Amino acid sequence: MKIGILVYRMSGIGGIERITAEKINAWIEMFGYEVVLITKNELNHPFYYEINERCKRYNLNIQAKLSGGITQYIKNIPEGLKLFKELKKIAAAESIDVLFTTVIGFDSLIIPFIQLKIPKILEIHRSNYSYNKIGWFFKNPIINRYHKVVVLNENETDYYNLKNLAVIPNFVSNEEIQYSKSTKKNIIISAGRIVNEKQFDHLVEIWAIIADRNLNWEVHIYGDGNLEKLKAKIAENKLEKSFKIFAGTAEIKSKMQEAKVFALVSKSEAFPMVLLEAMQAELAIISYDSPHGPKNIITDGEDGFLIPLNDKAIFAKKLHVIINTPQLRDGFIQKQKVKLDLFSKENVMNQWNNLVCGILN
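Residues numbered from 1 in each chain as written. Predicted model: local features only at pLDDT ≥ 70, side-chain atom pairs only at ≥ 80, totals over all residues. Heavy atoms only, no water.

## Looking at the overall build of the chain
Step number 1: When its secondary structure is counted, the chain shows 12 helices and 13 strands.
Step number 2: In terms of C-alpha radius of gyration, the chain reaches 21 Å, essentially the compact-globule figure of 21 Å for 361 residues.
Step number 3: Across the 361 residues in the chain, those meeting the buried criterion constitute 53%.
Step number 4: Carbon and sulfur atoms provide 51% of the accessible area of the chain, an area that totals close to 16800 Å².
Step number 5: Taking the average location of the 47 positive side-chain charges in the chain and that of its 40 negative ones, the two points are 5 Å from each other. (Helix = DSSP H or I, 4+ residues; strand = E, 2+ residues; numbered from the N terminus. Rg over C-alpha atoms; globule rule 2.2 N^0.38 Å. Buried < 20%, exposed > 50% of the residue type's maximum accessible area, 1.4 Å probe, protein only. Areas by Shrake-Rupley, 256 points an atom, 1.4 Å probe, with all protein chains shown as cover. Lys, Arg positive; Asp, Glu negative; His and termini not counted. Charge placed at Lys NZ, Arg CZ, Asp CG, Glu CD.)

This is how it looks when you write it as structure tokens:
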């Protein structure tokens, strides 16, 4: 079988890039399939995540015009026509059996019409809790032309009036990693793009509430983006010594190994892989109950804390409890191991393989 995968790029540090690399390697190494990776605009940057050398690559070098609403769709029509032409050519030349894509917006409306005989699967990696009902009313007839639209958790299915939905979560590689409590430090870690959606400014305000009661602890954020506003917020709260920002890294797992607690304060998360990686790194987890991923991973009070969205006071109170109750952290970590089995690479990739085989047979 030959699988085609169309993404915007693979040179960034992020959840989509990470899970796409993991899937490519699994298709090749677990199932022996051929994989053709097609990036829309790679910008000649190196990949952050390692991909099996047997994966064949194409870069279309098509740059979208970024804007909002109907203006975006109109401006992107020329690029859309180029995408249609180039992707159709590659699909025919490579004899692709099934095409996956994570593209959204205007691009997602083009893919169903490329090589009609090839099954196509759209992966939606973000939460659609704030979706535009009117926009989706017009898009639904085209999105329904995909053989399957895969979302990351059951709650997301409520947002789509589609007949072709499936639910498959992300996974975490079951690496053999040995951890030692002696190497862990009093660090609360978080990671992600420094954008409004991730709400790292909330974490600054939360830490400001309890920092003076936890003087031997630090908060570390790993991510790239708009740093100035976040740095100003840290300075405003006089937290420069205990709240630190580091550049995004593909080695986030090794950074997690040094910490004891993982904190997530996003406005929305469809299925945050960082929570699975935090479990794997044996971190106690505290997270906003962001729509809708965290609650599909964490069971509040059993293997972590889920905090009502944007309630910084309760978040600070519970974070203080985690910091000062080592036995609670240990209990969370022990119960997380069951979740890691549910979201293992073997389990989830078999779901993907069953989906593909069911479509093709």
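## Here's the deal with the pattern of salt bridges
Step number 1: This structure, assessed with the given rule, holds 12 salt bridges.
Step number 2: Asp107 serves as the salt-bridge partner of Lys40, at 2.6 Å between the closest nitrogen and oxygen. Residue Lys40 is located in the loop between strand E2 (34-39) and strand E3 (56-59), and its partner Asp107 is located in helix H4 (residues 105-108); the two are separated by 67 residues in the primary sequence. Of the two residues, Lys40 and Asp107, both sit in the buried class.
Step number 3: With a shortest N-O distance of 3.8 Å, Glu86 and Lys89 are connected by a salt bridge. Placement of both Glu86 and Lys89 in helix H3 (residues 77-94) is noted, with a separation of three residues, approximately one turn of the helix.
Step number 4: Judged by its relative accessible area of 22%, Glu86 is partly exposed.
Step number 5: Overall, the relative accessible area of 48% leaves Lys89 in the partly exposed class. (Salt bridge = Lys/Arg side-chain N within 4 Å of Asp/Glu carboxyl O.)

## Some words on the environment of Asn170
Step number 1: If you trace the backbone, Asn170 turns up in the loop between strand E7 (165-167) and strand E8 (187-191).
Step number 2: For the pair Asn170 and Met349, spaced 179 residues apart in the sequence, the C-alpha separation amounts to 9.2 Å.
Step number 3: Ignoring anything within four residues of it in the chain, the contact list for Asn170 reads Ile19, His125, Leu152, Phe271, Met273, Leu276, Phe343 and Val348.
Step number 4: Of note is the side chain of Asn170, whose polar atom sits 3.4 Å from the backbone oxygen of Phe271. (Contact = heavy atoms within 4.5 Å. Polar contact = N/O pair within 3.5 Å; in protein donor to acceptor, adjacent residues only side chain to side chain.)

## Concerning the sheet that holds E3
Step number 1: One open sheet holds the seven strands; their spatial order is E3-E2-E1-E4-E5-E6-E7, and the pairing between them is parallel. Among the strands making up the open sheet, the edge pair consists of E3 and E7. Neighbour to neighbour, the strand axes of the sheet diverge by 20° on average, direction disregarded.
Step number 2: Pairing of strand E5 (residues 120-123) with strand E6 (residues 148-151), which is carried by three bridges, proceeds in the parallel orientation. Opposite Leu122, over in E6, you have Val149 as the bridge partner.
Step number 3: Lying on the sheet, H3 is in contact with strand E1 (2-7), E2, E3 and strand E4 (98-101); it crosses E2 at an angle near 165°. (Pairing = 2+ DSSP bridges. Axes fitted to C-alpha atoms, helices over the stretch in contact; angles between N-to-C directions.)

## Comments concerning the environment of Phe137
Step number 1: If you trace the backbone, Phe137 turns up in helix H5 (residues 133-143).
Step number 2: Taking relative accessible area as the criterion, Phe137 reaches 60% and is therefore assigned exposed.
Step number 3: Sequence separation of Phe137 and Met30 is 107 residues, and the distance between their C-alpha atoms is 39 Å.

## Observations regarding the environment of Lys337
Step number 1: Looking at where Lys337 falls in the secondary structure, it is placed in helix H11 (residues 326-342).
Step number 2: The exposure class of Lys337 is partly exposed, given its relative accessible area of 38%.

## Remarks on the state of the cysteines
Step number 1: Applying the stated criterion across every chain yields a total of zero disulfides.
Step number 2: Just so you know, Cys55 is unpaired, no disulfide at all, and the nearest cysteine sulfur is the one on Cys357, 19 Å from it.
Step number 3: When its relative accessible area of 25% is taken as the criterion, Cys357 is described as partly exposed. (Disulfide = S-S within 2.5 Å.)

## Description of the side chain of Lys120
Step number 1: As for its position among the elements, Lys120 is in strand E5.
Step number 2: No salt bridge is formed by the buried Lys120, whose closest oppositely charged neighbour, Asp97, lies at an N-O distance of 12 Å.
Step number 3: At a separation of 2.7 Å, a polar atom in the side chain of Lys120 contacts the main-chain carbonyl oxygen of Ile114.
Step number 4: If sequence neighbours within four positions are ignored, Lys120 has contacts with Leu99, Ile111, Pro112, Ile114, Gln115, Tyr146, His147 and Lys148.

## What to know about the nonpolar core
Step number 1: One finds Ile188, Trp207, Phe243, Ile286, Phe315 and Leu319 to be the most contacted residues of the largest nonpolar core, which totals 30 residues.
Step number 2: At six residues, helix H6 (residues 200-210) tops the list of elements feeding residues into this core.
Step number 3: Contact partners of Trp207, with chain neighbours within four places excluded, come to Ile188, Asn214, Trp217, Val219, Leu239, Ser242, Phe243, Leu319 and Ile323.
Step number 4: Residues Ala21, Val150, Ile168 and Trp352 belong to the second largest nonpolar core, which totals 29 residues. (Core = buried A, V, L, I, M, F, W, Y, C linked by side-chain atoms within 4.5 Å.)

## A word on a nonpolar patch on the surface
Step number 1: A contiguous nonpolar patch, built from Ile74, Ile77 and Leu81 and spanning about 300 Å² of accessible area, is present on the exposed surface.
Step number 2: For Ile77, the location among the structural elements is in helix H3.
Step number 3: Note on Ile77: relative accessible area 39%, which makes it partly exposed. (Patch = residues over 30% accessible without salt bridge, like charges linked within 9 Å, V, L, I, M, F, W, Y side chains within 5 Å.)

Shape descriptors only; they carry no functional weight alone.
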